[in-house]
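Take a look at the letters that make up each chain.
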Number of protein chains: 2
Amino acid sequence: MNIDECRERFRNFLNDQGLRITNQRIAIFDAAFRIENHFTAEELLDHAREIDSSVSRATVYRTLPILTESSLVREIDVGKDFKFYFANPEKGNQQAQILCEDCDKIFEIDAPFLDWYGNSVSSKFGLKPVSQRLQISAQCTEYRATGACKNHS
Amino acid sequence: MNIDECRERFRNFLNDQGLRITNQRIAIFDAAFRIENHFTAEELLDHAREIDSSVSRATVYRTLPILTESSLVREIDVGKDFKFYFANPEKGNQQAQILCEDCDKIFEIDAPFLDWYGNSVSSKFGLKPVSQRLQISAQCTEYRATGACKNHS
DNA sequence: CTGCCTGCAAACTCTTTGCACGAAT
DNA sequence: ATTCGTGCAAAGAGTTTGCAGGCAG
């Protein structure tokens, strides 16, 4: 699924929700899908402004929930005081993250057992699982040993 | 391990770190260990003030890192804008949390595979795991059906 | 035209910090 | 007597919100 198909989905989503298709919302969408890695709200603002300089911080913050509810962007909370996001064209929810403490990079990995685990463990408490998250904080052995690694800037 | 043994450990920890044993630190410790469930910094402040009314918010925030570094209290970040803590006399790190979206209650469950999983998945990226977290957000079926459940206040 | 959307700046929430006083060793 | 620890209030950081004007439908 390429960016044009995704943008079309986004426009449809806005329509279905009775929301308007504005230049700012599309600029923010495009910015999100042009960023390769995970990004913060502030980084998204910077990129969106390269497309449409009128985009404001407030609109970015107001648009991010729309993007996540459309499932086109996923939100990742890694326990810092700001959230990360990333464009998520097709993958489902069953992913874990490895957080490199040295690079600050986030690696996504498939974790197909997550749904099963959430179900089996929740049912014991009379609970119905909604979402799971599995995150591993780790150190880069290469960076620790040599003072540099391919992910570190 | 009861609260008195834990308090003794805390005093020893303070000593070993060259930190002073103050009334406020002990009051905050005692408050943490009298709270049954998970608690926030603000709740800890309230309880600590019942023991020593001079305790300030700043001191609570300054003492919490000491408590977590001593491993007597564990910090849990559930993605809200404040952190939870709980007195952790003996259990290790290999626990997952179930977060009830209706009760806002946190259930701790043993997840002995966490270390193994973190290791096996990190090694593929040349990373050494430091910590893991596995959290399941869930809804209370009883509360959703009847409008009340034993955990809901 | 109507009312949702926007930018701006102020407000908010939790947490941290600078400072002068106070207490532990 | 030294220093470290403390309370207070202000600062910080990320995010949210009230308001007046602007643009989509």
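Observations regarding the domain arrangement of chain A
Interfaces are frequently sized by the accessible area removed from exposure as the parts join. Residues and elements named next belong to chain A. Looking at chain A, the domain boundaries give domain 1 (1-90) and domain 2 (94-153). Each of domain 1 and domain 2 was reduced to a C-alpha centroid, and the two centroids are 23 Å apart. Summed over both sides, the interface between domain 1 and domain 2 buries roughly 700 Å², with carbon and sulfur atoms accounting for 47% of that surface. Scanning the region where domain 1 abuts domain 2 turns up two salt bridges. With a closest N to O distance of 3.0 Å, Lys-80 and Asp-104 form a salt bridge.

A word on the relation of the copies chain A and chain B
Under the fitted operation, chain A is carried onto chain B by 0.1 Å of movement along the axis and a turn of 179 degrees, and the coordinates agree to an RMSD of 0.2 Å. Seen this way, the second copy is the image of the first under a two-fold rotation axis. Closest approach to the rotation axis among the C-alpha atoms of chain A is made by Leu-134 of chain A, whose C-alpha sits 2.2 Å away. Interface overlap between copies is the fraction of interface residues in one copy that are interface residues in the other; for chain A against chain B it reaches 97%, indicating a shared surface.

Considering the state of the cysteines
Residues and elements named next belong to chain B. Under the definition given, this model contains zero disulfides over all chains. The structure places no disulfide on Cys-100, whose sulfur is separated from the nearest cysteine sulfur, that of Cys-103, by 3.3 Å. Taking relative accessible area as the criterion, Cys-100 reaches 3% and is therefore assigned buried. Taking relative accessible area as the criterion, Cys-103 reaches 14% and is therefore assigned buried.

Brief notes about the environment of Tyr-117 of chain B
For Tyr-117 of chain B, the position within the fold is in helix α5 (residues 114-122). C-alpha separation for the pair Tyr-117 of chain B and Asn-2 of chain B, spaced 115 residues apart in sequence, amounts to 32 Å. Sequence-distant contacts of Tyr-117 of chain B, that is, excluding residues within four places in its chain, are made with Ala-96, Ile-109, Asp-110, Ala-111, Phe-113, Leu-134 and Ile-136 of chain A.

Re the sheet that holds strand β5 (residues 127-140) of chain B
The six strands lie next to each other as β5(A)-β4(A)-β6(A)-β5(B)-β3(B)-β4(B), forming an open sheet whose pairing is mixed. Strands at the two margins of the open sheet, each flanked by one partner only, are β5 (106-110) of chain A together with β4 (106-110) of chain B. If you compare each strand with its neighbour and ignore which way they point, the axes differ by 25 degrees on average. For strand β4 (residues 95-100) of chain A and strand β6 (residues 127-140) of chain A, the ladder comprises four bridges, and the chain directions are parallel. In the strand pairing of β6 of chain A, Cys-100 of chain A is matched with Ala-138 of chain A. Against the sheet, helix α5 (residues 114-122) of chain A touches β4 and β6 of chain A together with β3 (95-100), β4 and β5 of chain B, its axis set at about 125 degrees to β6 of chain A.

Looking at the packing of helix α2 (residues 23-34) of chain B against helix α3 (residues 41-51) of chain B
Residue and element names in this part refer to chain B. In contact at an axis separation of 8 Å, α2 and α3 are set at 115 degrees when each is read in the N-to-C sense. Crossing of α2 over α3 shows right-handed handedness. Across the interface between the two elements, Ala-27, Ile-28, Asp-30, Ala-31, Ala-32 and Arg-34 from α2 touch Leu-44, His-47, Ala-48 and Ile-51 from α3. Class assignment of the residues belonging to the contact of α2 with α3 gives a composition of seven nonpolar, one polar and two charged.

Observations concerning the interface of chain A and chain B
Chain A puts 35 residues into the contact, and the matching count from chain B is 34 residues. With both chains or domains summed, chain A and chain B bury close to 2800 Å², and 63% of this area falls on carbon and sulfur atoms. Area buried by chain A at its contact with chain B is led by Tyr-117, Leu-127 and Arg-133 of chain A, which between them contribute 22% of it. For the interface between chain A and chain B, the tally reads zero salt bridges. Linking chain A with chain B are 14 residue pairs in polar contact (both at pLDDT 80 or more), by the criterion used here.

Overview of the pairing of β6 of chain A
Most of β6 of chain A sits inside the fold, with 11 of its 14 residues counted as buried. Pairing of β6 of chain A with β5 of chain B involves 13 bridges; the strand directions are antiparallel. The residue bridging Leu-134 of chain A from the neighbouring strand is Leu-134 of chain B, located in β5 of chain B.

What counts as what
- Residues numbered from 1 in each chain as written.
- Chains lettered and ligands numbered in written order.
- Predicted model: local features only at pLDDT ≥ 70, side-chain atom pairs only at ≥ 80, totals over all residues.
- Heavy atoms only, no water.
- Domains from an automatic or database assignment.
- Buried area = accessible area lost by both parts, 1.4 Å probe.
- Salt bridge = Lys/Arg side-chain N within 4 Å of Asp/Glu carboxyl O.
- Least-squares fit on C-alpha atoms with pLDDT ≥ 70 in both.
- Contact = heavy atoms within 4.5 Å.
- Disulfide = S-S within 2.5 Å.
- Buried < 20%, exposed > 50% of the residue type's maximum accessible area, 1.4 Å probe, protein only.
- Helix = DSSP H or I, 4+ residues; strand = E, 2+ residues; numbered from the N terminus.
- Pairing = 2+ DSSP bridges.
- Axes fitted to C-alpha atoms, helices over the stretch in contact; angles between N-to-C directions.
- Left-handed = near helix turned anticlockwise from the far one by under 90°.
- Nonpolar A, V, L, I, M, F, W, Y, C, P; charged D, E, K, R; others polar.
- Polar contact = N/O pair within 3.5 Å; in protein donor to acceptor, adjacent residues only side chain to side chain.

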